[in-house]
Amino acid sequence: PPPPARPHALVIPFPAQGHVIPLMEVAHALADRGVAVTFVNTEFNHGRVVAAMPAPPRRNGETAAGGGGKLGMGRNRIRLVAVPDGMGPDEDRNNLLRLTVLMQEHMAPRVEELIRRSGEEEAAVDGDGDGWGRITCVVTDYNVGMWALDVARRTGVKSAAVWPASAAVMASILSVPELIRDKIIDAQDGSALTQEAFQLSPDMPVMHPAHLAWNCIGNDEGQELLFSCVLAGVRAIDECDYILCNSFRGAEASTFARFPKIFPVGPLLTGERPGKPVGHFWRPEDGACMLWLDAQPVRSVVYVAFGSFTVFDRRQFQELALGLELTGRPFLWVVRPDIVHGDVHEYPDGFLDRVVASGINGGGRGKLVAWAPQQRVLAHPAVACFVSHCGWNSTMEGIRNGVPFVAWPYFADQFVNRAYICDIWRVGLPAVADEKSGMVTKEHIAGRVEEVMGDAGMRERVQAMMVVAHESVQEGGCSHGNFDMFVDSIMS
Ligand code: UDP
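Cut-off values and rules
- Residues numbered from 1 in each chain as written.
- Predicted model: local features only at pLDDT ≥ 70, side-chain atom pairs only at ≥ 80, totals over all residues.
- Helix = DSSP H or I, 4+ residues; strand = E, 2+ residues; numbered from the N terminus.
- Buried ≥ 20, exposed ≤ 12 C-beta atoms within 10 Å, placed from the backbone.
- Contact = placed C-beta atoms within 7 Å.
- Pairing = 2+ DSSP bridges.
- Axes fitted to C-alpha atoms, helices over the stretch in contact; angles between N-to-C directions.
- Core = buried A, V, L, I, M, F, W, Y, C linked by C-beta atoms within 7 Å.
- Near = placed C-beta within 6 Å.
- Nonpolar A, V, L, I, M, F, W, Y, C, P; charged D, E, K, R; others polar.
- Parallel < 35°, antiparallel > 145°, perpendicular 65-115°, else oblique.
- Left-handed = near helix turned anticlockwise from the far one by under 90°.

Observations regarding the overall build of the protein chain
Secondary structure assignment for the protein chain yields 18 helices and 13 strands. Residues classed as buried in the protein chain amount to 47% of the 492 residues present. Taking the intrachain contacts of the protein chain between residues at least 6 apart in sequence as the baseline, contacts between residues at least 24 apart amount to 67%.

Have a look at this one:
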């Protein structure tokens, strides 16, 4: 009999930076276990990812990016494929609701075609000399929408969903019927019926109805539509064999115990895979900041980063600059080109001269970068404290490297992540806005940094979590075992 087809997974991230990075990690974890991977980005993001990658070594049979939207990656067995998202070139891709709706319309048929035609690609030869073969499994970001699972069902391939945030937030989605029953959210559009926080179980983080994902990305017209997708997702997930979560049992033990359908497989981090492509959108990663870090004393630096799409108003941006100055500590601050409303970076008078510029007049104490190699930064021994917006990836990366936090959330699940960091794991302190001005003041920022850096107990706790996180993804660890089990199931 012919040998069984090699498993071939189609991996689909939601088109945002905080999703493409962890889904690329899942792709690597699959590839490491012998699964061929086709990774589907939107055309828009594909272009950014490829532009930000180091120039690929050209090998036999590989096509460069752009030519058919493919990029062969030889032994890694991951190829990148681009599919249009249906948005015009100048449309606002931060309009997540519109993007979600358009993706369903435009990407679903293309992805289906990709799966159906994948068998015909036997003739296509990659760098190792064998073909890619039929796609046997769809591994989709849960946030992409249920169309991806529907496509898998229609084409007769297996499917799994990846949840790139905390298990607690996934649990809140699985609990939507109970939230409606308990009159916490509205049955029609999911909006908050109460200002009161709730807990899914006594040892899970406190959540606020207004911070539930659909209440953050929806708008008045789109809210019902969005929530109908959420409800469809809750129903469809029953048909899915696995929900893989980029978390680890030690971080969210009670959630995993109560929601056994969610499997921890993390923290999966690209930083631990030197030389492999990682799916970043921004170029260039500023390698020079690593040299700057090398020159700083051990455990002296404050690392400040707010993820890929948090936007500051001008006053808060300036106050943060002054707060960092006030710490008197060396700091590495990620200032994305689009981090301030209107894309204008106005630093406080003299700030750049006093703190950032090096040389006779400048202190050179602060280093600004447009995009940092964050995982390598957090792993650097000079880094002592992470001022973070508490995106889940950043949260896992801080934990994985044993760095305590000043927690400064803006949006959606970041508030739940803050509850984990500050209240449950006790590895950080919250940045709290002043009631009158609505701003996090410079004195408060500097004070919190000092408190966190001076708290030996906090450092011990985060270092203990670091060890647990590390062990969970090693051979014999829980996350590692779960991933193996998942791969066995798609191999069979
Ligand atoms: N990141 C990075 N360099 C930066 C800032 C962020 O590599 O200068 C990465 C970070 O390591 C993380 C991702 O971007 O993997 C951000 O994801 P997260 O979930 O923390 O936040 P989001 O961008 O989704 O708000």
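Regarding the sheet that holds strand β13 (residues 428-430)
Backbone-to-backbone hydrogen bonds pair the strands of a sheet. The strands run either parallel or antiparallel. Here 6 strands make up an open sheet; going across it, the order is β10-β9-β8-β11-β12-β13 and the pairing parallel. Looking at the sheet topology across the chains shown, the edges are occupied by β10 (366-369) and β13. Neighbour-to-neighbour, the strand axes of the sheet open up by a mean angle of 15°, direction not taken into account. Seen against the sheet, helix α15 (residues 414-424) touches β12 (405-407) and β13 and runs at an angle of roughly 120° to β13.

Things to note about the nonpolar core
Val11, Ile243, Leu244 and Leu332 are the most contacted members of the largest nonpolar core, which totals 127 residues. Dropping the residues within four chain positions of it, Leu244 is found in contact with Val26, Ala160, Val162, Trp163, Phe263, Val265 and Phe486. Counting 8 residues, the second-largest nonpolar core is a separate cluster that includes Leu179, Ile185, Trp214 and Phe227.

What to know about the sheet that holds strand β7 (residues 262-264)
Strands sit in the order β3-β2-β1-β4-β5-β6-β7 across an open sheet of 7 strands; the sheet is parallel. Each of the sheet's edge strands pairs with one partner strand only, and the pair in question is β3 (78-83) and β7. Across the sheet, the mean angle separating the axes of adjacent strands is 25° when strand polarity is ignored. Pairing of strand β2 (residues 36-42) with β3 involves 6 bridges; the strand directions are parallel.

Let's talk about the site of the ligand
In the vicinity of the ligand there are 18 residues, among which Gly18, Gly307, Gln374, Gly391 and Ser394 approach most closely. Those elements that place two or more of their residues in the shell around the ligand are α1 (17-32), α13 (374-379) and α14 (392-400). Per-element accounting of the shell around the ligand gives the leading share, 4 residues, to α14. Residue classes in the shell around the ligand are distributed as 7 nonpolar, 10 polar and 1 charged.

As for the pairing of β2
Of all the 7 residues making up β2, 7 are buried; the element is thus mostly covered by neighbouring parts of the structure. Neither face of β2 is left uncovered, since the one carrying Ala36, Thr38, Val40 and Thr42 and the one carrying Val37, Phe39 and Asn41 both have all their residues buried. Across 4 bridges, the pairing between strand β1 (residues 8-12) and β2 is parallel. In the strand pairing of β2, Ala9 is matched with Val37.

Some remarks on the packing of helix α3 (residues 96-118) against helix α4 (residues 147-155)
At a minimum axis distance of 10 Å, the contact between α3 and α4 shows a crossing angle of 30°. For the element pair α3 / α4, the angle class is roughly parallel. As for the relative orientation of α3 and α4, their crossing is right-handed in sense. For the pair formed by α3 and α4, the contact residues are Gln104, Ala108, Val111, Glu112, Ile115 and Arg116 on the first element and Trp147, Ala148, Val151, Arg154 and Thr155 on the second.

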